[in-house]
Every structure is written in C-alpha cells, then in structure tokens.
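The primary structure of each chain is shown beneath.
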Protein chains: 6
Amino acid sequence: MLNKNYTVFIGCEADFDAAEIVLFGAPYDSTTSYRPGARFGCRAIRTESDGLETYSPYQDKDLGDRAICDCGDIELPFGDSAAALGLIEERAAAILQAGKIPFMLGGEHLVTYAAVRAAFAKYPGLNIIHFDAHTDLRNDYLGVQLSHACVMRRCWDLLGDGKIWQFGIRSGDKPEFAWAAAGHTHLQKFDFSGLDGVLQKLSGQPVYFTLDLDVLDPAYLPGTGTPEAGGVTFRELLDAALAVCQNADIVALDVNELAPNLDASGVSTAVAGKLVRELLLAI
Amino acid sequence: MLNKNYTVFIGCEADFDAAEIVLFGAPYDSTTSYRPGARFGCRAIRTESDGLETYSPYQDKDLGDRAICDCGDIELPFGDSAAALGLIEERAAAILQAGKIPFMLGGEHLVTYAAVRAAFAKYPGLNIIHFDAHTDLRNDYLGVQLSHACVMRRCWDLLGDGKIWQFGIRSGDKPEFAWAAAGHTHLQKFDFSGLDGVLQKLSGQPVYFTLDLDVLDPAYLPGTGTPEAGGVTFRELLDAALAVCQNADIVALDVNELAPNLDASGVSTAVAGKLVRELLLAI
Amino acid sequence: MLNKNYTVFIGCEADFDAAEIVLFGAPYDSTTSYRPGARFGCRAIRTESDGLETYSPYQDKDLGDRAICDCGDIELPFGDSAAALGLIEERAAAILQAGKIPFMLGGEHLVTYAAVRAAFAKYPGLNIIHFDAHTDLRNDYLGVQLSHACVMRRCWDLLGDGKIWQFGIRSGDKPEFAWAAAGHTHLQKFDFSGLDGVLQKLSGQPVYFTLDLDVLDPAYLPGTGTPEAGGVTFRELLDAALAVCQNADIVALDVNELAPNLDASGVSTAVAGKLVRELLLAI
Amino acid sequence: MLNKNYTVFIGCEADFDAAEIVLFGAPYDSTTSYRPGARFGCRAIRTESDGLETYSPYQDKDLGDRAICDCGDIELPFGDSAAALGLIEERAAAILQAGKIPFMLGGEHLVTYAAVRAAFAKYPGLNIIHFDAHTDLRNDYLGVQLSHACVMRRCWDLLGDGKIWQFGIRSGDKPEFAWAAAGHTHLQKFDFSGLDGVLQKLSGQPVYFTLDLDVLDPAYLPGTGTPEAGGVTFRELLDAALAVCQNADIVALDVNELAPNLDASGVSTAVAGKLVRELLLAI
Amino acid sequence: MLNKNYTVFIGCEADFDAAEIVLFGAPYDSTTSYRPGARFGCRAIRTESDGLETYSPYQDKDLGDRAICDCGDIELPFGDSAAALGLIEERAAAILQAGKIPFMLGGEHLVTYAAVRAAFAKYPGLNIIHFDAHTDLRNDYLGVQLSHACVMRRCWDLLGDGKIWQFGIRSGDKPEFAWAAAGHTHLQKFDFSGLDGVLQKLSGQPVYFTLDLDVLDPAYLPGTGTPEAGGVTFRELLDAALAVCQNADIVALDVNELAPNLDASGVSTAVAGKLVRELLLAI
Amino acid sequence: MLNKNYTVFIGCEADFDAAEIVLFGAPYDSTTSYRPGARFGCRAIRTESDGLETYSPYQDKDLGDRAICDCGDIELPFGDSAAALGLIEERAAAILQAGKIPFMLGGEHLVTYAAVRAAFAKYPGLNIIHFDAHTDLRNDYLGVQLSHACVMRRCWDLLGDGKIWQFGIRSGDKPEFAWAAAGHTHLQKFDFSGLDGVLQKLSGQPVYFTLDLDVLDPAYLPGTGTPEAGGVTFRELLDAALAVCQNADIVALDVNELAPNLDASGVSTAVAGKLVRELLLAI
C-alpha cells in the first residue's frame, strides 16, 4: 500500500502495521462548483507540516509518542466521481479492516461519502458529527447526485434519520434547512451550542467525525472554495474539535476543503495543519 | 434605464417598475488617495454573488420573495468627480422619484455624496447613519473638496449639525475629531455603542444608511483601500446593520469601499456580498 | 436559448437570428489533472473584453461591422463529463442547424470533443486543425477516456486517420508521438511549419479549428493549467491563426484552456481576448 | 524644491544646482479607465533601483560619472486633473528654466501633457517622439478631455500637425487611426520601422521623448494598466530608445504607465528601472 | 549617523539630537528557517506609514507633539549573523549613550539579541517583556546558536534566570517548555494573563520590550514567517502593549517579524504600522 | 544517505548504487541580498515535476531509460554559510567518489562553490562553464566573501585564470567587468556567441556546468531573486545547454536561483523543471 515518493506529515513516520491511526490523502475536487483547489489540500498540509512542532502546548502531548502512519495520497481520476469514490472507499476499508483509524485529508467534501461507506460497512450504527458552514443536504446539484453539495444527503441515504449531527451551519437553500428540520438531521446553526449534550448522548456509539474547514470564519481560513462570512474562530473550533475527539468514540475522521491555492499567505494551510496535529493527538 | 449587458446580483431580477428596491453600481475611485480599486467593487459583488445562496438563515427570508431590480453600473468618467457625481445623483433621483429605495454599490465613499444629494432633495429632514473606520470630515484634501476623505463633511454642508450619526470610527486627524465633538456630528469611536438609543431617537425620520466596509477589522475584510486595524467583527457588523435596517426608516442606502483587487482570496467580496444580501432582506 | 444575465464580449450584441457567428462559453474543467481554473476562462474573456477595442489594426476591420451573437455560458454539472458534453453538443448543434458558425470559449480542452461531435454530424468529411502544446492523444488517463488528455484521440475515434492536423506540439508521452507518427494524425512539432501547405490541401473541405492557448510560450500566456516552456510567440500564433481563418473553410471553432486564476496580472486574459477578436474578424 | 523624505534612484544623488538631468515623479492615475496603479510607478522604480547596478554593460557607462538629481515625487491631488497638471507643469518649467533636462517618471500617460506644456513654452518648435501601444488620440473619453486616452491629442492641440512621431502603436479605435493618417501625426504601427529616418529628419530640432512602457509586449512588462498583446521585445525597445537618446536633441522626457501592483513578481519594475538607467546614461 | 536617502515613518522627522526616541531598522532575516521576508519589514512599515494618521484616537495623542527621529535602516551583510549583530549593537549603543530610547524595527527576531546586548551593557538589571507565539528558547537550531529560534535563550545567557517574561506563547518543542518551567523564564501560554501583576513587580526596573508580531493570530497578521493559529486579537495586543509602555520603565524596544511579502493585501503592514504609532505615543 | 521522506523528480527513482547521475537539493539562500526564496527552488522543481512528461520530443529520449537517483534535499543551517557549504561539499564529494555525476538543484548561486570544491578535488584541471545574467565576480559583498555575488570569484580562487567561461552576462559593476577582461575569466556579454568554439577547445577536459536560471529573460522566468531584463529566450538557452551537455565532458553540474515564491503563476518552476529534464537526458 505504501509508495514512499512523498513527504509525510510531521511526526507520522510509523509503519502501517505498527500504526493506530493511518493518514491518507484524497486529492479530488472535480465536483467543486465554485472555486476549485481542494485537490491541493492534502499535499499542502503534509508539505508545510515542517513549519509545525510535533508538540502541542494545548494538550501537552507530542506526535513522537504516537504511532501514526501517513500512507500518502491516492491517485484519483479527475472527472469520474464514481471511480474516485470507489478507490477511496477501498483505502478506508483496508485501514478499518486492519483495526486502525483512517484519518482522511481532502480534497473536496464529497470524498467523505466514500470513507463513510467504508465505516458504515463495519459499524452499522454509525453516527456522523459534521462541522461545516454549509448544509450539504441537496438531493442533487444540477442533476448530479455525487456532488460536494449533496454529501451529507448521500450519507443520510446510508445512515437514515437522526444519525447526522451538524454544527456551525450558516448557508444552504431554504428547502435544505426545512428538510433537516423535518427530523432528518440535527442541525445547529452558526455555532457549537449543544455539542456537549450530543457527545453525552452518543457515548458508546461509533462516530465518524467530518470537519469541513469552512466552518471557520474566512478571516481564519480564507483558503477554501466557498468562504462564508460569520463563522467560528480558531479557538472555538479547536475547543469543539478536541471535545469531540476526547469524548466520542471516533472510528474514522476527515478534514477537508482546504484550497491552499486561494490563500497565498499560507496561513490557511498552517491552520489546517495545526488542527490535524491536534486531532491526531486527541483521538 | 436598463442596459442588459451585465450580470445581476443573485435573486435580483425584478423589472424596474415592479421593484421596491433598486440596486445600482457607482464604479468610481478617482479620488482614492492611498490604494485604488474600489471601482471594481460593485461588479465583483454582482459577479461573485453566485457563490451565495438567496436564502438567509439569519433572517429566515429569501431574495426570491422580494422584488428587487439590479439595474447595473453607471458608466462614469474617471478623473472628473463633479461630472461623475452628477450622473450618480441623476440615477438615485430617478429611483427615488419612482417611489423606490435606491441601494448603491460603490465605488469609493465619495459617491455617497451624490446619492445623499438626491435623497436630501426629496427628504429635507434627512439623517445619515454612517458606519466607517474613518471620520471623513476633512474640509478638503490637498485642496480638493470632492474627495473620499471629505464625504461626510460635504454631506454636513447639506444637512447641517446633528444629523450625521457616526459609528465605529477609529481614524482621522485631530481636528476632525475635535470638529465632530463641537456638535457637528455624533461620533461613536471604535464600536456601535449607543446605536439602539439612536435608532429610537430617529424613529419616524428619514434615514440614509451608508456603510463603508472598512468599519470591519481588516482580518474580516482585507480588500479595501485604507485598512484600519482594530475594527469590528463580521457578526458585530451584521447585528448592527440589521438593527438599522429593521428599525430605521431607510430611504436610501449604500455599501462602499470594497477593493476586490486587494484581496486575491476573494473573501472580501464574499463578505460584502453577504452583507448586501442581508441588507436587501432586512429593509 | 438566451439568458441575458451576463456580460457579452465587446461588440457582439447581435440577436441570435441575425448573427453569422455565435459565441458561447463552456465553463467545464473537471478532468483537468494538474491545475484547475479553465472553468473561469470564458467568463473572464468576456468580462475583461472592455479593455479591448472593437477595431483591429492588424486587419483594418471592426467588430461593429459584423453580426455576432454572444449567447453566454452554458450551465454545466461539474464532475459529470458525459452530461456536460451532452449539453455542449446540444448547444453547438443548435447553432449549426441555424446555419451559423459556433465559436466556443472553454473551459478545458475536453469540451472540444462535444462541439466536434456536433460539427461531424453535419459535416462527415470534417478535418480538425489543432494548435496545442500537447498531443492529447492518450486513449485514457488513469482509466478515464473522457479526459482533457485524450480529447484528440476521442475526435480521432470519430474522424479516423489523417483528418487531424496538429501544430506546435511539444509535450506528450513517447507512445503518443509514436501513435501519431503511425499515420493516425499529422503532427508538426514545436511550430507552424507546413501550415500553408496544409491549408492548400484542405481547400474546400470543412474544418474545425481548435486553439489550445497553451501553444503559446508561457511567457506570453502564463495563465493556463499545464504551461509548457518552448512555445510560440504571440505574433507567430496570430499570423498562423489568421492564416487558418482566412484560408480554411471554418465550420466551427474554439479557444480553450485559459485559466485566468493562474495569472494575477490579467495579461493572459487580455491575450486570449485579443485572439478571440482577431478570429471573429478573420472568419 | 527638495523634500528629502524619500529614496532616490540609484546613483542620482547630485544636488539640484549641480545636475544636468533632474528626475521627478508624477504619481497620478485618476483618469486611468481600466486598471489603476500607475500612481505607484515612480516610487517603485526608485525604491527597487537598489536591485540594479549603476554601471551599464550596454553603453559601458556608469551613473556615478553623471550629475543627476532625483528630486522626488510631487504631491498631487487625486481626482482633480487640472490642478495636478498645473503642479507638474510648474515643476517641469522650473527645471527647464534652470537649464536642465526634466526626466519625469509617471504616473499615467496624461502627466505627459503637463511636461509637454512646459517644454513647448520654452521650445516652440517642439517635436514629440512617442513610443506606445495606444494611439492616445481621442478628443475626449466619456466627455473628459484631460484623459490618458487623449494625451497625444492634447499635445497636438499645442504642437499642430506633423510634429508627433508615434511608434509601436497597436491599439485604438478606427477614427483615431484615420485621424492620424489624415496627416495629423506620423504613426508607425507595431514596431520601430522608420525610426532612423525620423531621427535624421529631426536633427537639430528640440525633441520631447515620451515612453509609454506598454509599448513592450506584456510578456516583458505585465505590470501596466492596459496590456496589449503583440508588442516589442525588451531588446527592440532598448535599441530604439538608445537610438533616440543618442541621436535626437532631447529637451525633456518621461517614462510612464508602470503599474507595479499588477505584477507581483516585481519584474515589470525591474524592467522599467533598467530602462530609466539606460536613458539617463544615453542622453 | 543619518543617511537621508529613505522615507521616514510618518511624523518622525526630529533631528537625532532633539529626539527622545530613535527609530531604526534592522533588515536581517538570514537565519529565518521557514519563510523569509522579515528583511522587508522595516522598510515597508515606513513606506506605508503614509496610510496612517499621526493622531491616535486610542490615546488622544499625536506624533506631531513628540520628538522622534527615524534614522533609517542599517546596511547589513546577509549570511553573516555575527557581523550583522555587531552593527546593530553598535547602533543601539550609540542611541542609548545619547540618552535616548532605541526603537528597533526588524527584521527577524534574532536582531533583538543585538539590541539587548547594548541595553544590558547600560542596564545590568535588565528585564525583558516578550510577546510572541514561539518560545525561542532552543540552545541551537541545526547547530547554529545565532538563530531566530534561539534568541531568547541567547538573551538568557546574558540576563540569567527569572528576568525574561514571556506572554502569548503557543508553539515550541517539549524541552523548551520544560526548560522555561524549570525556572529559567516566566512563560504565560496563549494570552496576557498575569501581565498586570508582572508590571507591578517590575516597577522601577529597566525593561526591554520585544514584540514579535506573530503573537497576533494570523487572521490579523498573515504576513509573518511562521504563522501560528490561535493567537491574540489586535485589540488584545494593543491593550497589553499599551499597558507595558505606560507602566513599565522601557529603556529600549523593538517590533519584529513582519514579512510584508507574504501578505499581498498590505493589511499586515498596516497593522504593524499602527502598533508602532501607538507604542511611540505610549512610551 | 537516503531519507525517503520526500517527492522525487519525475522518473528519477533509481537506487543510489545503480545510478549514473545523482540529483540532490541545496536549499540555501541566506546570502541572497535582494529577494530571498531560492531556498524553495529545489523542492518546487521536484514537487511540480509531475506536471512534466518523462519523454523529451527535443531529444527523443525518455527518463525511463536512464538510471538516475534523486536523493533529496540536504538539511542546511540557515545563516551559517561556512557550515552549509561544508555539508554540500560532503554530499557532492560522496557522489563523485562513487563514480557518479552530481546534479545539484539550488538554492542560491553560492552553493555552487561547495560543489566546485568537491569537483576540483577530484579533477584539478577543472573548467567551469557558467551561464548567468550576473558576473558574480566581486571579492566581497558588504564585507562578506561567502556571498552569492562572489561565487565565481571564489571559484577562481581555486581554479585560477582562464578556467571560467561565462555566457549571457548583462549585469555587474564596472570593476567586475574590468577584472574579467584582465584575463581572469572569459566573459561573453548578453548571449552565447562563441560557445561552439569554447566547447571544441575544452574537448577532453573536465567541465563543471553551472546554470543560473536568471540568464533567461525575466519574461521567461520571473521567479528569481534578481531579475535582469534583456536575457536570452528559453529556446536559446535550451539549445546552448544541450550543446554543453552533449559536447563537454561534464563531471558535475547545477541549476540554481529559481525562487518559486516570486512567480505565483508557477511558470518559472515549470521552465526550470523542463530544463532539468533536458539536462538529465543530454548528459
């Protein structure tokens, strides 16, 4: 599984067999409807990770004390979503079958659907905790069902009502909000209110955690395809994400929608990389 | 009045006659003294508005339920401020005479003076609510009286003492602050303190609302000609702007000083567009 | 067919019925494998065309004297190439059926395949003159046959041996060059040598002209997905393209692969726009 | 006249009284109709001149052997062209009266009109050698006569027929080319053909040399407000400009239309600076 | 000491002899390990200071009422840290010997070591108040002891235990935090908690204040070499920095690590310039 | 010697022992005096090499048919030139001792001195063929002898008179040109005239080939620290470089001074990568 022609995320040099967590990249963004570039996200996070330390002063932990394997990016065929999702699902399933936690770096948000399929196959009672600016609940987008704008709807096709917990949502069309409110998903607008209660409720249940970086206010992360004003701060996100990782039974997770080409300052990539480090240490 | 060779703001496709609100652009920035580019603001807000939704989860309203006409940009002669202001005033006056609310997209802040002239001609008791980082109260700038740095002073020439209510101000020279404090304008430094009281006081009076986007901290809106550290957050601005639109008797308004060329990430344009949507829905 | 919510290319304001040539945009780039952004090409060419004059001092002709309709961009579903190509073919076919010349603005080069299908349906003896840095002759790319890297191969599937005339080619894999040399296409490496002879040979035959802007050296056009050093100059390209338009029996044409997001100076868009003007005047 | 709060062009540290040539900047661009930024040109040329050497291997001369004074930028009122031109004319006249050669760094091309007025007042038989991509011969632009698009027409108002020699021209509207061809100016399209003959003809006559940097192909100088494909190379321009400076009786000159904000690579500024050095050494 | 070929910071035009505070620049960044550009910081702060006012509405003070000399940048040899530090120390010592306060603009943080040497020579009981995202406490970095990553350790070599007060720290390796915690420095993670108590404790003692701009969250200052998510806001920093300047006995200070090339919007430079103005007024 | 945590140049995956040519990177730019960023050159060339093909239509050769090892970047201490050069020399010497050709990717030009030391130790009769815009013949730069501006002078210290053959030179100070002309080096200004004769003359002698990418006109390669107008075209450089590699007895070589951060379009990196491919195939 390991082609070694790539830069690994700082401190993630364990062999696959020895690892508890396995990082991999899914550099796909063919359905991005507004501004592409999420394909470059996973590579940028790795390449720029040498600007980070392995130590977290937030958690007083060090990546050097964890067994994490970074097995690089999957080579994906642009413009063929079904094929790309198949390859991603295969990778996630292999990691899960080996008893490890897959940690996927996107790519656009559609890639989550593939990893969720793999996780759901192993954990039929799967819940999803979803941080995002967007509902992602359309049934189709210009006729396409495999679209970043539909990814949570596709996951709902698998998981059914009441298993998807959305936070930070501040954009969508009117029918999407109505559809959620009809009991299909739990949708918290704008912030993380109620997260603690949800984490208690989900105690003991398998959780997939998907973090769309555009939940952040674009002041903190301008490098994303569809920036939405009015988001959370980095500290608010970090606190919420650590709460999820420390309290939920995470079986798989992803961080997606960094488009580093849209932020020439490099700050967005640095923010994403630090979040990845903190998640790796908190699981 | 309508030349149809342009992209309209999302959801603003009403005919002029059917519209309650009429959007138009005033792409002028010839007096900008520091970094030009506000001329590109109005077109960028429209062109990029397809990255927005028509629905607001803040207000639970949709642009599809409003009758708004976007009649495009006025063609303005660069370098001749008197002529440009004349053309803008003409457009605003025509909209007002038709019993509609003109909503102008700048351009630099000087363009406000033209729309205020039109509004003042119809509403002699006009007040101005002014959100800005800058006082804009100089009598002249390098000898020029028709300058973005003098726009509130020019409005005062028309309206007189006590009719201009300034919020968020954090930059100006010493005499400008002193001049304001002498009773010519109401000037609230740094934030929106006291806004609620002002809105009560102005109840029933005609109000022109002018929103210079640089009232935002440049973390939230880097794309503006003269960024000033220490501004308000997006959420603070949104709350204050909604309060104005929902409680004041707005007869005309504008949003100005977006310079999209200064923010390659596109975030500033996205922020401005969302504010325009919220204002359109709140009036 | 005409949605009027867009900016038209300068001087192209004829009604569809009155037009000899019909411009339209195909903003698709989902199969771009290296750096996306060609989706923004057609809109940028139009929007920035007000920086051009309608008059050409090269040809002493003016767009004001031609009847050209710009019918805007097709709305295309990202990530579903078959569906997107279907919509493009439909548009091109409608223009051809009306007895007009379709002039498509890409988008990535894959979109050419759709317009060629429409042209081939009407003109079974169709030839293609192809200016490009790349062979585009792969049978598939990572298993995908509908890919920008395969577009000339897909056209060959329709037209057969000896009907595709390639110029300026300077990149491809070894098998692609060998495949061309085996008699499938006429391939001129690096420049336009032999073009005059080809134009004589094709006299009286229907020709589709496809111009991939990356045939230019990236010094002249940095804003493209896969820049290839060693290309032709603007003057060399202009001379060759005018020769094609003035001497061949063009039945349809396209200009593609401008990625304006990759050239912040705006020069690439200005270059593309001028080429479009010259082609419109030369046909 | 000398305010010393600025960086001088490399090697131009002579006192005003001792100088043969006097550099000054005219940072005005209020009439720029397409993309502003020429206001930043003169300061960038100076500030970045420390990336140059004082020695020219082309001419085997060194700025250290010349007496050149750089007296900085004039402070100009944006948005008031008449006032700005008055201040520029005053500066140029003062330099001419002191028996020195004024070398103006723009700013937009309109500033040339002010310096030409000063030169014409001293030299009634003045000729202009004009390198440019654009005719600049409109009588007015959107009703404004003091516009960068009209600057050569304004100069013709002073000098009359047959005194303006234009080279490299490749853009304008049809009436402009016709007006030139009617005998008002000598207009050489695209290149410098015929320059040697012109220089012989002008021998002994006073010449103002105005160099609009957009005569260069935008491959060589992307940082300009209205880039025009199809221009000359740096070496062609350097040869032609040296021919002018070495053979004509230059009484005043300028270099204009660098917009450094439009070229983040800094190359355009480096190109402009090297041209300024070569002109300073060649006069 | 004064070379007058540079632009001074707005309102800082006093002669050296008359000045209380003396600004100077130390444009060095040769040891920057991640992204260089701090060398451009001091010049950018000065050059762009004309976008600021001399008046502070925060403090109701004006630079026009202070006697401040800006003596420009030192010319430093890149790649030779020992030599560069020697030149900086010399400059700082000369200012201190003249009874004035040196205010240094970096450059990378290593330059602080030179100014601290000069201050320590005059004030043996020197304390350092240090605002930063990074500990800067490594003993060496890849074997180099004169490195930006070691600057506080080098200062500790001089001052000894308990004299360095660090605030806002959120990045470092594990041994650095442990070393600080062992009593070598006072280290406050993440924010300015406890600053007031420290200022009381230091009353009457000489203080060097070093402000690494990356203590700000990168949303507020993206233009820095090693951006660290999770920092303080501009208002938090301004309040803390004013508290230091108004309550401590500042004998020398610096602001460092602005890399303006990394923030094309110019906002980072505007933020830094405003902080410099506020510090100048508050001392 | 091989740490495998990096992306290798396309097609260069041979083991060290099997390789004829060994690529390595020297990411150092601490002495760059104008605009840093060459440190990022070697990594960018590798990372972006997947935008290239392994096949060259210029030479009809393929990297797949060569045995080339890419052993990654050396970790170098910024700010300590002597130490960095020591590490580079060690790497180059190890490759030479193994009977292979070291191909170094800079980094700034100073790194050449280290590789030349290693080559000279093995080949005392070493000649250098040097393509560059700059003489690089200063004895010191602001007192520093280990500077990019002195690198050919340092090499001359080793090799002595008449062994360095410089082409394309168009910038330097007057004494440098005079020093060369005094017989110390062979210096061809502006272009490659005389290269064929030199190659004949050097037949059978060991040659180090150093290619400073700024020999290209900045139209072709804007991404370099000190761009110099008036350079050669890509095709001129390619022809000359192939002539060197095909006719000279190359014992070691390098390509340096790409600063990818200065060219956001990515074109400069693409140009550099293609040159590296061509050199690898031509040796």
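What comes next is a walk through the structure. (Residues numbered from 1 in each chain as written. Chains lettered and ligands numbered in written order. Predicted model: local features only at pLDDT ≥ 70, side-chain atom pairs only at ≥ 80, totals over all residues. Heavy atoms only, no water.)

### Digging into the pairing of strand β1 (residues 21-26) of chain B
All names here are of chain B. Counting buried residues in β1 gives six out of six residues, a clear majority hidden from the surface. Bridge count between β1 and strand β4 (residues 68-73): four bridges; the pairing is parallel. Counted as the bridge partner of Gly 25 is Asp 73 from β4. The pairing of β1 with strand β5 (residues 101-106) spans six bridges and is classified as parallel. By the bridge assignment for β5, Leu 23 is matched with Phe 103. (Buried < 20%, exposed > 50% of the residue type's maximum accessible area, 1.4 Å probe, protein only. Helix = DSSP H or I, 4+ residues; strand = E, 2+ residues; numbered from the N terminus. Pairing = 2+ DSSP bridges.)

### What to know about the pattern of salt bridges
Here the structure, examined in full by the defined rule, presents 84 salt bridges over all chains. With its nearest N and O atoms 3.5 Å apart, the salt bridge here joins C:Arg43 to B:Glu48. Taken as a pair, C:Arg43 in helix α1 (residues 41-47) and B:Glu48 in the loop between α1 (41-47) and β2 (55-56) lie in two separate chains rather than in one. Residue class for C:Arg43 comes out partly exposed when judged on its relative accessible area of 26%. (Salt bridge = Lys/Arg side-chain N within 4 Å of Asp/Glu carboxyl O.)

### Quick look at the interface of chain C and chain F
On the chain F side, the residues contacting the 22 residues of chain C number 20 residues. Note on chain C versus chain F: buried area summed over both sides is about 1,800 Å², and carbon and sulfur give 55% of it. The largest share of the area that chain C buries against chain F comes from C:Tyr34, C:Lys174 and C:Ala229, three residues that together contribute 29% of it. Where chain C touches chain F, the interface holds three salt bridges. In this structure, the salt-bridge partner of C:Arg138 is F:Glu53, at a minimum N-O distance of 3.1 Å. (Contact = heavy atoms within 4.5 Å. Buried area = accessible area lost by both parts, 1.4 Å probe.)

### With respect to the relation of the copies chain C and chain F
Expressed as a screw operation, the relation of chain C to chain F combines 0.0 Å of axial shift with a rotation of 120°, fitting to an RMSD of 0.0 Å. These values place the two chain copies in the arrangement generated by a three-fold rotation axis. Every residue of chain C has its C-alpha some distance from the rotation axis, and the shortest such distance is that of C:Ala219, at 3.1 Å. Looking at chain C, a mere 9% of its interface residues are interface residues in chain F too, so the copies touch through different faces. (Least-squares fit on C-alpha atoms with pLDDT ≥ 70 in both.)

### Observations concerning the packing of helix α3 (residues 111-122) of chain B against helix α4 (residues 151-159) of chain B
Residues and elements named next belong to chain B. Relative orientation of the contacting elements α3 and α4 amounts to 15°, with a least axis distance of 9 Å. With respect to each other, α3 and α4 are oriented roughly parallel. Once α3 is placed against α4, the crossing between them reads as right-handed. From α3, Thr 112, Tyr 113, Val 116, Arg 117 and Phe 120 reach across to α4, where they touch Val 151, Met 152, Arg 154, Cys 155, Leu 158 and Leu 159. Here the contact of α3 with α4 is composed, by residue class, of eight nonpolar, one polar and two charged. (Axes fitted to C-alpha atoms, helices over the stretch in contact; angles between N-to-C directions. Parallel < 35°, antiparallel > 145°, perpendicular 65-115°, else oblique. Left-handed = near helix turned anticlockwise from the far one by under 90°. Nonpolar A, V, L, I, M, F, W, Y, C, P; charged D, E, K, R; others polar.)

### Quick notes on the relation of the copies chain A and chain C
With an axial shift of 0.0 Å and an RMSD of 0.0 Å, the rotation relating chain A to chain C amounts to 180°. Taken together, the turn and the small shift mark the pair as related by a two-fold rotation axis. Looking at chain A, 100% of its interface residues are interface residues in chain C too, so the copies touch through the same face.

### Some remarks on unusual backbone geometry
The residue after B:Gly106, namely B:Gly107, is reached through a cis peptide bond having omega 10°. Looking at the element boundaries, B:Gly107 is found in the loop between β5 and α3. Positive phi outside glycine occurs at E:Glu257, with the angle close to 75°. The topology assignment puts E:Glu257 in the loop between β10 (249-256) and α8 (267-282). Taking relative accessible area as the criterion, E:Glu257 reaches 8% and is therefore assigned buried. The phi dihedral of F:Asp136 is positive, around 55°, even though this residue is not glycine. In this structure F:Asp136 comes out as buried when scored by relative accessible area, which is 7%.

Taken by themselves, the reported measurements are silent on function.
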